[in-house]
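# Observations on chain architecture
Residue strings, one per chain:
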Amino acid sequence: MKVSIATLAALTALAYSGLALAGAEDIIEKEKCHKCHTATTTKKGPSWASLAEKYKGKADMPPKLIQMLKTGVPLSGKTGEDDQHKKLAGVSDADLKAIVDIVLSSK
Ligand code: HEC
């Protein structure tokens, strides 16, 4: 089979974007975000689809949510357990962005 350089480049790009996403999914799994959030149901935290709806078209939100996930925010007893939102210290900006992309593209 002949494979063009362009095809190879496209496949490589695909593999990389797939990897970033897999990393983000893994982090969401590992950090148990689903304990309080799912894509469509409101649990202790808002559903990600509702956040996507709320922040639709707000270009300043992705960076703010990345920051929020980095530093945590006070939850003022909303969940009855942690006073601080889960913090993802040590997660790379690229992975944080991929996580926020997943949240904001939920429907
Ligand atoms: C202990 C429960 C809990 C866990 C675990 C949790 N969250 Fe949340 N999350 C909340 C609550 C409650 C809010 C709503 C905070 C508010 O409205 O002030 C929230 C809000 C958010 C928001 C929206 C913030 C905003 O400014 O509107 C995002 C994004 C988010 N969470 C992502 C995540 C991710 C990603 C994880 C996993 C790393 C996670 N959460 C884990 C409870 C949780």
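The preceding data block contains the structure.
So, a few notes on the structure that sits alongside this text. (Residues numbered from 1 in each chain as written. Predicted model: local features only at pLDDT ≥ 70, side-chain atom pairs only at ≥ 80, totals over all residues. Heavy atoms only, no water.)

Residue position: Leu88 is located in the loop between α3 (61–71) and α4 (93–104). Judged by its relative accessible area of 5%, Leu88 is buried. Sequence-wise, Leu88 and Thr71 are 17 residues apart; in three dimensions their C-alpha atoms are separated by 7.5 Å. Not counting the four nearest positions on each side in its chain, Leu88 is found in contact with Ile27, Glu31, Leu69, Lys70, Leu96 and Ile99. (Helix = DSSP H or I, 4+ residues; strand = E, 2+ residues; numbered from the N terminus. Buried < 20%, exposed > 50% of the residue type's maximum accessible area, 1.4 Å probe, protein only. Contact = heavy atoms within 4.5 Å.)

It is worth spelling out the site of the ligand at this point. Near the ligand there are 22 residues, and of these Cys33, Cys36, His37, Tyr55 and His85 occur at the shortest range. The contact in question runs from an oxygen atom of the ligand to an N or O atom on the side chain of Tyr55, over 2.4 Å. Looking at the shell around the ligand element by element, the count peaks at three residues for α3. In terms of residue class, the shell around the ligand is built from 12 nonpolar, four polar and six charged. (Near = heavy atom within 4 Å. Polar contact = N/O pair within 3.5 Å; in protein donor to acceptor, adjacent residues only side chain to side chain. Nonpolar A, V, L, I, M, F, W, Y, C, P; charged D, E, K, R; others polar.)

With that out of the way, let us pick up the coordination of the iron atom of the ligand. Donor atoms from the polypeptide that coordinate the iron atom of the ligand comprise His37 (NE2) and His85 (NE2), at 1.9 Å from the metal. Viewed at the metal, the six donor atoms of the iron atom of the ligand are separated by angles of 88 to 180 degrees, and the geometry they form is octahedral. Placement of the pair is His37 in the loop between α1 (5–30) and α2 (48–54) and His85 in the loop between α3 and α4, with a sequence separation of 48 residues. Across this residue pair, the class does not change: His37 and His85 are buried. (Donors = N, O, S within 2.8 Å, 3.2 Å for Na, K, Ca; no water. Tetrahedral: all angles 85-135°; square planar, octahedral: opposite > 155°, others 65-115°.)

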